[in-house]
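Residue-level structural notes
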There are 2 protein chains.
Amino acid sequence: MSILCVGSVALDSVETPFGKAERVLGGSAVYFSAAATVFHPVQVVGVVGDDYPIDDLDFLAERGADLSGIERATGNSFFWAGRYHFDLNTRDTLDTQLGVFADFEPKIPPSFRDARFVFLGNIDPKLQHDVLDQVVAPEVVACDTMNFWIEGSREPLLDLLSRVRILMVNDEEVRQLADEPNLMKAARWVQDRGPEIVIVKKGEHGAILFADDWIFYVPGYPLEDVFDPTGAGDSFAGGFMGHLARAGELTPASLRQAMVYGSALGSFACERFSVERLKDLTGRDVRDRVEEFRRLTAFESHAMAEEHV
Amino acid sequence: MSILCVGSVALDSVETPFGKAERVLGGSAVYFSAAATVFHPVQVVGVVGDDYPIDDLDFLAERGADLSGIERATGNSFFWAGRYHFDLNTRDTLDTQLGVFADFEPKIPPSFRDARFVFLGNIDPKLQHDVLDQVVAPEVVACDTMNFWIEGSREPLLDLLSRVRILMVNDEEVRQLADEPNLMKAARWVQDRGPEIVIVKKGEHGAILFADDWIFYVPGYPLEDVFDPTGAGDSFAGGFMGHLARAGELTPASLRQAMVYGSALGSFACERFSVERLKDLTGRDVRDRVEEFRRLTAFESHAMAEEHV
């Protein structure tokens, strides 16, 4: 059983202090699939223009992505250009051209409609609704969004929450959505509207999963060279959902592991431009990094001596 | 064998969205001692004016602090007033009056001079040097500093690093000190100048310990109500050094545990104004929170299945 993923399939031009990449593979569906297929097959739905180097997606097909849901339309592909600052935590958007993405109406191929795991990338909440309307009986729906929709499409987004089991957003977004600066309270606010799981991505500071009565915190992997942070969040989502689909069930254990796999894939995504590092990952790379995450946080907690209070 | 702590003994007036506290106990030496004495005796060196409610420090003496190094001078005590914003991550300083602290010259009582563990709170690096000049053979010297000294007293601060085994600063400070945005590289830069351990405190995002060839990351404890973050960093330092002194040695295991104890104490400090929460802590409170830190980050990492790459 595949994961259904709907999102942008884009071309990015990215400048960082370390170099430049021009019109390279990008978009939430591409990063998500590049990460998720490390663990589990993915069915991709999106749209590209006639300028898209579609053969460059062959590596996804080779490791289990079904790309038959990527529509080819006449016009230009979604294009984004950005420049990262010296500290790589902030970036300026230099150009955004929606192209054929402006009229995107996700059409889920019949063979994709029995998906159990669904990832709704960051697109118009109305389209996210349309996707779910076409899926017969999704069990695990995860959803991303952004400030643009939180401000401009608040009602459809709030309606969507009741159809979503896992919301994945960054810290700024969950605070804005709930109008609440405290992350725990903001997560609780979201949970009251549907999602049982809220994942807050905090970039270099890691990610927190809020469940009903427990919390899991995975730190950001300390990278000596962050080459290009573009797509780290979608790669996180791909690693997370890919592992969950492989595990086949949502348990505290599988969710905790999924957070670590997500963080591992997010960290790999930052090591090269575009999906380059995700392309040449090996199982050994992934297992080694997961083991590094364990060493990063493990401690012995037997009492050393009594406290003085 | 006690920990020697040198720092400010102050009065704070603090406003948060939740309330106001006027002229309450504050200062790095007070928060540090309130946290460290949970684990180990502390010898405190500082200065107060004749307006200081010295009896309010009795609770420290009761749990093993030797306050005989706190000098009483004529004049006003160090006073700081601040107001936290709605999100509690930013604050405005409303008033700073150095008072008798302006002429502070740390005099280490003879009975304190054989200290093995020394914590140099955030004071003028020249005074931090003076303290070390008076200690016979310190084994573990930990030191805090701030942007004011990094800018204004760079040379004495860099000299100090060669006498320090553990530098504890926040992320902004280590980046400024090393003139390097990448935390790992900044920590390495510091290590090249002396300290074998660099601890980077990141507030709600936790803290990272950089050792020679390993890293430990303790997340911030997710608090539903951050009441007053004042002193969280010094409470972290106190919990950290208090546990290390109790353990009696620096090993990877004791350092990892110390990071968790430090974070636990830092999180408690935020739950009430001033040192109120640290005053009434029980050993059970501390052990429970350490166990919560374990649950927050623990995951099983046995392979669920092979990766597809």
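This report concerns the structure included in the present document.

The rules behind the values
- Residues numbered from 1 in each chain as written.
- Chains lettered and ligands numbered in written order.
- Predicted model: local features only at pLDDT ≥ 70, side-chain atom pairs only at ≥ 80, totals over all residues.
- Heavy atoms only, no water.
- 1 Å grid on protein atoms, 1.4 Å probe; cavity = no way out; pocket = protein on both sides within 12 Å on 5 of 7 lines; lining within 4 Å.
- Points joined across faces, edges and corners; volume = space filled by probe spheres on them.
- Helix = DSSP H or I, 4+ residues; strand = E, 2+ residues; numbered from the N terminus.
- Nonpolar A, V, L, I, M, F, W, Y, C, P; charged D, E, K, R; others polar.
- Least-squares fit on C-alpha atoms with pLDDT ≥ 70 in both.
- Contact = heavy atoms within 4.5 Å.
- Buried area = accessible area lost by both parts, 1.4 Å probe.
- Salt bridge = Lys/Arg side-chain N within 4 Å of Asp/Glu carboxyl O.
- Buried < 20%, exposed > 50% of the residue type's maximum accessible area, 1.4 Å probe, protein only.
- Phe/Tyr/Trp six-rings, centres within 6.5 Å; stacked < 30°, edge-to-face > 60°.
- Lys NZ or Arg CZ within 6 Å of the ring centre and 35° of its normal.

**A few points about empty space enclosed by the protein**
Overall, the coordinates contain 1 cavity of 30 Å³ or more when judged by the stated rule. Space inside the largest cavity adds up to approximately 40 Å³. Taken together, Thr297 and Phe299 of chain A together with Phe216, Tyr217, Val218, Pro219, Val260, Phe293 and Thr297 of chain B form the lining of the largest cavity. Taken together, the elements giving at least two residues each to the lining of the largest cavity come down to strand S13 (215–218) and helix H11 (283–297) of chain B. In terms of residue count, S13 of chain B provides more of the lining of the largest cavity than any other element does, 3 residues in total. Partitioning the lining of the largest cavity into residue classes produces 7 nonpolar, 2 polar and no charged.

**Focus on the relation of the copies chain A and chain B**
Expressed as a screw operation, the relation of chain A to chain B combines 0.0 Å of axial shift with a rotation of 180°, fitting to an RMSD of 0.0 Å. What the rotation and shift describe, once combined, is the action of a two-fold rotation axis.

**Quick word on the environment of Asn76 of chain B**
All names here are of chain B. Secondary-structure assignment places Asn76 in the loop between strand S5 (65–72) and strand S6 (78–84). Remark: the alpha-carbon pair of Asn76 and Leu296, spanning 220 residues in sequence, is separated by 44 Å. Apart from residues lying up to four places away in sequence, Asn76 is in contact with Gly49, Asp51, Gly99 and Val100.

**Observations concerning the interface of chain A and chain B**
If you look at the interface, chain A gives 59 residues, while chain B gives 59 residues. Where chain A abuts chain B, roughly 5400 Å² becomes buried across the two surfaces, and 54% of that area is made up of carbon and sulfur atoms. Counting across the chain A and chain B interface gives 10 salt bridges. For Asp225 of chain B, the salt bridge identified is with Lys185 of chain A, shortest N-O distance 2.8 Å. In terms of residue count, the dominant contributor to the side of chain A that touches chain B is helix H11 (residues 283–297) of chain A (10 residues).

**Brief notes about unusual backbone geometry**
Although it is not a glycine, Ser274 of chain A sits at a positive phi angle of roughly 50°. Note that Ser274 of chain A resides in the loop between helix H9 (252–269) and helix H10 (276–279). With relative accessibility at 4%, the residue Ser274 of chain A sits in the buried group. The phi torsion at Arg23 of chain B lies on the positive side, around 50°, for a residue other than glycine. By relative accessible area, Arg23 of chain B is classed as partly exposed at 44%.

**Points about the packing of aromatic side chains**
Counted according to the given criterion, the structure contains 20 aromatic pairs over all chains. Both rings, one in Phe148 of chain B and one in Trp149 of chain B, keep their centres 4.8 Å apart while their planes meet at 75°; by these two values the pair is edge-to-face. Trp149 of chain B sits in the buried class, given a relative accessible area of 15%. Put simply, the rings of Phe18, Phe227 and Phe273 of chain A pair up and form one aromatic cluster. Positioned above the aromatic ring of Phe59 of chain A, the side-chain terminus of Lys279 of chain A is 5.2 Å from the ring centre.

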